Amino acid sequence: MKDSYRKQCFIDEEVALLDVLDTAGQEEYGAMREQYMRTGEGFLLVYSITSRPSFDEISVFHQQILRVKDKDYFPVVVVANKRDLDYDRQVDPQEGTNLAKQLGAVCIETSAKQRINVDEVFMELVRAIRRYNKETYPPQNGTMASPSGTTMNGNAVPNNNRAAKTRADDSHGGGCKCVIV
């Protein structure tokens, strides 16, 4: 159905525990999409540079995320995959950059096959989540506060979801629930 995994890494000299849900290419599970959008803290919006329709869907997914989250902005990174197939390109790099700018995001071209910029997209998403949390839950007395008042290693811990419970019990702290769409 979907791929899910956890990975601990250092991003900008801070520990980050990534809780990743990969739903890319799982159109048959569209009915469940809103459920994982509700719990995601950040999203990689992935399209193939060899598929114009996949690029066109990015705006639709982004609007759905904003609707489900009831927000005007939410952390996303636009990912232009299959950079290794440039000879079959249907989407110009500038189009990806322009779309990302409209969404308040960055666009990074990758090749999963050749492992080009794969780690970078996750690092950029974690940075976007951290910026969002700092703007949304300003520091109080030197710590980052969430609406519930819970803090974890300087990062806000969201309220009422599985990811928050996992992080609260996790000695690593600094977790991010990332969804690949």
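Residues numbered from 1 in each chain as written. Predicted model: local features only at pLDDT ≥ 70, side-chain atom pairs only at ≥ 80, totals over all residues. Heavy atoms only, no water.

As named in an unreviewed UniProt entry, the protein is Ras GTPase, taken from Naganishia adeliensis.

1. Quick look at the overall build of the protein
Helices and strands together make up the secondary structure of the protein, namely 5 helices and 10 strands. Within the protein, counting contacts between residues at least 6 apart in sequence, those at least 24 apart form 66% of the total. For the protein, the computed accessible surface area is about 9600 Å², with 47% contributed by carbon and sulfur atoms. (Helix = DSSP H or I, 4+ residues; strand = E, 2+ residues; numbered from the N terminus. Contact = heavy atoms within 4.5 Å. Areas by Shrake-Rupley, 256 points an atom, 1.4 Å probe, with all protein chains shown as cover.)

2. Details of the pairing of strand 1 (residues 3-11)
Pairing analysis gives 9 bridges linking strand 1 to strand 2 (residues 14-22), with the strands arranged antiparallel. Across the sheet, residue Cys9 finds its bridge partner in strand 2, namely Ala16. What sits between the antiparallel neighbours strand 1 and strand 2 is a turn of 2 residues, in which Asp12 has the positive phi angle 55 degrees. (Pairing = 2+ DSSP bridges.)

3. Regarding helix 3 (residues 93-102)
Along helix 3, the positions that sit buried rather than exposed are Gly96, Leu99 and Ala100. Down the axis, helix 3 shows its buried residues gathered within 100 degrees of arc, on one side only. Structural note: helix 3 exposes Lys101 and Gln102 on the side pointing more than 90 degrees away from its buried face. Looking at the buried residues of helix 3, the elements they touch are strand 3 (42-48), helix 2 (52-69), strand 4 (76-81) and strand 5 (107-109). Gly104, located one to two residues past helix 3, shows a positive phi value of around 75 degrees. (Buried < 20%, exposed > 50% of the residue type's maximum accessible area, 1.4 Å probe, protein only. Arc of directions from axis to C-beta.)

4. So, the environment of Asn133
Mapped onto the fold, Asn133 is located in helix 4 (residues 118-136). Separated by 58 residues in the primary sequence, Asn133 and Pro75 place their C-alpha atoms 9.5 Å from one another.

5. Remarks on the nonpolar core
Nonpolar side chains in soluble globular proteins generally cluster together in the buried interior. Counting residues in hydrophobic clusters, the biggest one holds 23 residues, and the most contacted among them are Met37, Phe43, Leu45 and Tyr47. Per-element accounting of this core gives the leading share, 6 residues, to helix 2. Contacts of Tyr47, omitting those with residues within four sequence positions, involve Ser54, Phe55, Ile58, Val78, Val79, Ala80, Asn81, Val91, Gly96 and Cys107. Formed by 15 residues, the second largest nonpolar core is a distinct cluster that contains Leu18, Phe122, Val126 and Ile129. (Core = buried A, V, L, I, M, F, W, Y, C linked by side-chain atoms within 4.5 Å.)

6. Observations concerning the packing of aromatic side chains
As enumerated under the stated definition, the model contains 4 aromatic pairs in all. Measuring from centroid to centroid gives 6.0 Å for Phe43 and Phe74, while their planes differ by 55 degrees, and the two rings are tilted. Here the residue Phe43 occupies a position in strand 3, and Phe74 occupies one in the loop between helix 2 and strand 4, the gap between them amounting to 31 residues. Summarising the burial analysis for this pair, Phe43 and Phe74 share the class buried. Both rings, one in Tyr47 and one in Phe55, keep their centres 4.9 Å apart while their planes meet at 75 degrees; by these two values the pair is edge-to-face. The same class applies to Tyr47 as to Phe55, namely buried. The rings of Phe43, Tyr73, Phe74 and Tyr132 are connected pair by pair, giving a single aromatic cluster. (Phe/Tyr/Trp six-rings, centres within 6.5 Å; stacked < 30°, edge-to-face > 60°.)

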